[in-house]
Amino acid sequence: MARKRYWLVKSEPFKYPWSKLVTDGRTHWDGVRNYEARNNLRAMAVGDLCLFYHSNEGKEIVGVARVARAAYPDPTSDEDWSCVDVEPVVALAKPVSLDAVRGRKSLAAMQMLTRNRLSVTAVTAAEMKTILAMGETTLP
DNA sequence: GCCAACGTTGGC
DNA sequence: GCCAACGTTGGC
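Residues numbered from 1 in each chain as written. Chains lettered and ligands numbered in written order. Predicted model: local features only at pLDDT ≥ 70, side-chain atom pairs only at ≥ 80, totals over all residues. Heavy atoms only, no water.

(A) Quick look at the pairing of strand E5 (residues 82-97). Of the pairings in the sheet, the one linking strand E2 (residues 27-29) to E5 comprises three bridges and is antiparallel in character. Bridge pairing links His28 to Asp85 in E5. Sheet topology places strand E4 (residues 60-73) next to E5; 10 bridges connect them, and they run antiparallel. The residue bridging Gly63 from the neighbouring strand is Ala91, located in E5. (Pairing = 2+ DSSP bridges. Helix = DSSP H or I, 4+ residues; strand = E, 2+ residues; numbered from the N terminus.)

Okay, structure coming up:
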């Protein structure tokens, strides 16, 4: 099996907060209408971990989710879009804010900063490790 | 609520 | 195939 990759997905808390993912246990990550984000979705494999970021409100990384189903056609569209299924893994003991990410030199290259408006971005293993440490969280 | 960034669309 | 107009996203 290919080496695990890491991602960051954004959601407006108003639309789909982390707490709802926890309640639901699993959800379809659909509605992505951007080619680059779609390509990222398609690159996801079952077991990959996703940082869950709340945009607009909160502006912080609040949890870690796991890809439960690899990319398949987005049922909410007739066109060629994709979605994946994700399930919650663990909430960050201490949410990591956008400001905190910006303030950390080793995270300056994170796509969530450089590709500000992309809703699905790639995260390196080193970045993942740093975020988890900042969030005072260890993976189960 | 405003505005900047940027991807997408459509006219030429 | 270029580029201006437009729409969307997201931070402030």
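Having seen the model, we can carry on.
(B) Broad picture of the protein's contact with DNA strand B. Around DNA strand B, a shell composed of Asn34, Tyr35, Arg115 and Arg117 is seen. Near the protein, within 4 Å, the atoms of DNA strand B are sugar or phosphate in 79% of cases. A distance of 2.8 Å separates a phosphate oxygen of DNA strand B from a polar atom in the side chain of Arg115. The contact in question runs from a sugar or linking oxygen of DNA strand B to an N or O atom on the side chain of Arg117, over 2.8 Å. (Near = heavy atom within 4 Å. Polar contact = N/O pair within 3.5 Å; in protein donor to acceptor, adjacent residues only side chain to side chain.)

(C) The pairing of E4, seen in detail. Pairing geometry for strand E3 (residues 49-54) and E4, over six bridges, is antiparallel. The partner of His54 across the bridge, within E4, is Glu60.

(D) View of the state of the cysteines. Counting across every chain of the model gives zero disulfides. In this structure Cys83 is not part of a disulfide, and its nearest cysteine sulfur, from Cys50, lies 13 Å away. (Disulfide = S-S within 2.5 Å.)

(E) Structural view of the nonpolar core. Counting residues in each nonpolar core, the largest one holds 20 residues, and the members touching the most others are Ile61 and Ile131. Elements represented by at least two residues in this core include exactly strand E1 (6-11), E3, E4, E5, helix H3 (98-103) and helix H5 (125-134). At four residues, the largest contribution of residues to this core is made by H5. If we skip the residues at most four places from it in the chain, Ile131 touches Leu51, Ile61, Leu92, Val96, Val101, Leu107 and Met110. If you look at the next biggest cluster of nonpolar residues, it comprises 19 residues, including Val62, Val84, Leu118 and Val120. (Core = buried A, V, L, I, M, F, W, Y, C linked by side-chain atoms within 4.5 Å. Buried < 20%, exposed > 50% of the residue type's maximum accessible area, 1.4 Å probe, protein only. Contact = heavy atoms within 4.5 Å.)

(F) Local environment of the layout of surface pockets. Volume-wise, the largest pocket comes out at about 420 Å³. Lining the largest pocket are 18 residues, and of these Lys10, Ser11, Glu12, Lys15 and Ser119 sit closest to its centre. At the level of secondary structure, the elements contributing two or more residues to the lining of the largest pocket comprise E1 and E2. Looking at the lining of the largest pocket, the element that brings in the most residues is E2, giving three residues. For the lining of the largest pocket, a count of residues per class yields three nonpolar, nine polar and six charged. (1 Å grid on protein atoms, 1.4 Å probe; cavity = no way out; pocket = protein on both sides within 12 Å on 5 of 7 lines; lining within 4 Å. Points joined across faces, edges and corners; volume = space filled by probe spheres on them. Nonpolar A, V, L, I, M, F, W, Y, C, P; charged D, E, K, R; others polar.)

None of the figures reported here should be taken as evidence of function without further support.
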